[in-house]
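Structural overview for review
This is what each chain is made of:
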Amino acid sequence: MLHLNYTNILKKSIGSRHGIGDKFLVNFCDKKKSFVKDALRNKKKIGYDFLNLPDDNALLRKIKKLTADHSKNNWQNIVVLGIGGSSLGVSAIKRALLGPLVKKPSLIVIDNIDPDYVNGILSKINISKSLFVVISKSGTTTEPMVLYGIVKQKLIEKHPKNYQKNFIFITDPKKGLLRKIGKKEGVTMFDIPPKVGGRFSVLSSAGLVPVALAGVDVGGLLKGGRTMREAIKSSNPETNPALILAAIQFLSDKKKGKNMTVVMPYSSSLFKVGAWYRQLLSESIGKNIKTGPTPIAALGTTDQHSQLQLYNDGPNNKLIVFLRVLKHASDPQLSDILPKEIGFLNGKKLSQIIDASYTGTSESLAKNSRPNVTIEIPKVDARHLGMLFMLFEFQIALLGMLYKVDAFNQPGVEEGKLITKKLLS
Ligand code: PA5
């Protein structure tokens with residue numbers, strides 16, 4: 001299970017100007033405990049349906065069949081064409097569970113329409129030997145539709161009769177253009193449940209299908225999501241990680257002026273979870289002119305040498321959320337190889353060094369009255385990643401209730417989409 005350590009936001013650790021009293025926090029969570037029940041009761045309502053995703057065994061069976069059917073195609077690449085909630089989850093899973101280097105089939109995410117970027121990828125891969133997974137909840141977003149068009153053109157040049165077999169579409173079961181095209185052209189399709197919002201869809205077909213095709217244990221992701229949902233459901237307010245995290249973020253912003261949230265994993269594998277969370281927080285809570293902490297994605301130890309100066313010595317307006325991995329899959333160790341000036345590093349494992357760096361950073365921040373919390377993750381695998389996704393999604397749903405905003409719409413994004421459409425029409 002994940003563990004939330006929030007000692008370094010408490011008054012007793014960082015002082016009363018920036019810290020929150022532990023009794024105050026417990027009482028606040030107790031007063032708001034009905035929000036957890038409300039969220040669970042809303043399971044069938046628009047937005048909250050993400051809570052049901054871990055129970056979708058029918059989807060797991062369908063994915064199993066798909067991966068078996070596709071194994072004979074020997075795809076060189078699985079290429080996702082999507083944006084926002086339809087790509088960030090895949091990128092986070094890819095980085096966490098498939099590692100930084102290319103595997104076969106490699107999983108590529110095209111989430112921009114920058115001409116050089118798109119061409120840089122499409123001109124270097126064998127598109128006949130690539131499976132393109134077009135993901136769009138609405139089935140009308142400009143970027144995935146444009147990318148679909150570009151790829152379709154290229155495929156038709158090569159295989160005018162059966163280009164469809166290089167596509168899978170993942171979209172709303174009824175609405176949208178992508179659904180319409182898929183039906184007409186006989187493309188294999190997967191549904192995103194209508195009441196699940198894009199940025200809450202990582203544990204739906206949108207997050208699971210492409211990564212399953214690249215070899216990820218998607219059953220483990222769902223199992224982790226289920227475990228976390230049940231833990232949140234059954235725990236007391238003062239031990240409920242989603243409620244405590246939401247309360248800390250809300251109180252730190254409203255009472256202590258911490259209007260930015262930094263997510264800083266001490267794990268390269270989890271870096272893209274920060275990018276995924278950035279969308280989740282921005283689009284869900286950034287509402288009504290005055291609401292919404294600004295999210296920042298950082299990486300330990302890399303950003304100790306880039307952003308830490310600002311966090312530790314600049315304006316005290318940030319809450320820092322560390323992700324700390326307790327056990328790494330591999331752990332190279334230094335022999336007696338370094339000169340005596342830095343001989344204290346000899347014999348150390350990389351895990352010891354990165355963990356000491358995390359401890360040094362969090363303690364120095366606390367010493368300077370900079371609030372920080374740590375989510376401890378036993379190891380980076382499918383199950384724990386599923387737990388982390390569910391924890392953050394639940395926390396954001398609760399945060400929406402605390403700020404009294406609709407966490408599931410994004411009017412600010414829609415407006416820009418409409419203007420762009422007008423310009424191009
Ligand atoms: O959270 C959301 O709903 C949005 O950010 C979407 O994920 C993003 O705009 C992409 O939309 P779609 O999946 O409909 O193409």
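This text goes with the structure placed above it.
This section reports on the structure supplied with the text. (Residues numbered from 1 in each chain as written. Predicted model: local features only at pLDDT ≥ 70, side-chain atom pairs only at ≥ 80, totals over all residues. Heavy atoms only, no water.)

**Describing a positive patch on the surface**
Judged by side-chain charge, Lys223, Lys327, Lys349, Lys379 and Arg383 come together as a positively charged surface patch. Relative to the assigned elements, Lys349 resides in the loop between strand 9 (318-327) and helix 14 (350-367). (Patch = residues over 30% accessible without salt bridge, like charges linked within 9 Å, V, L, I, M, F, W, Y side chains within 5 Å. Areas by Shrake-Rupley, 256 points an atom, 1.4 Å probe, with all protein chains shown as cover. Salt bridge = Lys/Arg side-chain N within 4 Å of Asp/Glu carboxyl O. Lys, Arg positive; Asp, Glu negative; His and termini not counted. Charge placed at Lys NZ, Arg CZ, Asp CG, Glu CD. Helix = DSSP H or I, 4+ residues; strand = E, 2+ residues; numbered from the N terminus.)

**What about helix 16 (residues 411-424)?**
Along its 14 residues, helix 16 runs 20 Å from first to last C-alpha, staying within 8% of the 20 Å computed at 1.5 Å per residue. Little of helix 16 is tucked away: zero of the 14 residues are buried. (Expected span 1.5 Å × (residues − 1). Buried < 20%, exposed > 50% of the residue type's maximum accessible area, 1.4 Å probe, protein only.)

**Overview of the nonpolar core**
Within the largest apolar cluster, 97 residues are counted, with the highest numbers of intra-cluster contacts made by Leu25, Leu221, Trp276, Ile375 and Phe392. Of the residues forming this core, the biggest block, 16 residues, is contributed by helix 15 (residues 382-403). Two domains each donate at least three residues to this core, and these are domain 1 (3-41 + 223-413) and domain 2 (48-218). Ignoring any residue separated from it by four or fewer positions in sequence, one finds Leu221 in contact with Ile93, Leu97, Leu203, Leu208, Val216, Ala382, Arg383, Leu385, Gly386 and Phe389. Listed in part, the 23 residues of the second largest apolar core include Val79, Leu122, Leu155 and Leu178. (Core = buried A, V, L, I, M, F, W, Y, C linked by side-chain atoms within 4.5 Å. Domains from an automatic or database assignment. Contact = heavy atoms within 4.5 Å.)

**Some words on the site of the ligand**
The ligand sits among 14 residues. The nearest are Ser86, Ser136, Ser138, Thr141 and Glu283. Between Ser86 and the ligand, the recorded distance is 2.6 Å, taken from a side-chain N or O atom to an oxygen atom. Between Ser136 and the ligand, the recorded distance is 2.6 Å, taken from a side-chain N or O atom to an oxygen atom. Out of a free accessible area of 380 Å², the ligand has 92% covered by protein chains. (Near = heavy atom within 4 Å. Polar contact = N/O pair within 3.5 Å; in protein donor to acceptor, adjacent residues only side chain to side chain.)

**Topic: the sheet that holds strand 5 (residues 167-171)**
Strand order in the open sheet made by the five strands is 3-2-4-5-6, with parallel pairing throughout. Two strands bound the open sheet, and with one partner strand each, they are strand 3 (106-110) and strand 6 (188-191). Within this sheet the neighbouring strands show an average axis-to-axis angle of 20°, counted without direction. Where strand 2 (residues 77-81) and strand 3 come together, five bridges link them in parallel fashion. Residue pairing for strand 3: Asn77 is matched across the bridge by Ser106. (Pairing = 2+ DSSP bridges. Axes fitted to C-alpha atoms, helices over the stretch in contact; angles between N-to-C directions.)

**As for a nonpolar patch on the surface**
On the surface, Ile113, Val146 and Ile150 cluster together into a nonpolar patch covering about 200 Å² of accessible area. Looking at where Val146 falls in the secondary structure, it is placed in helix 7 (residues 142-158).

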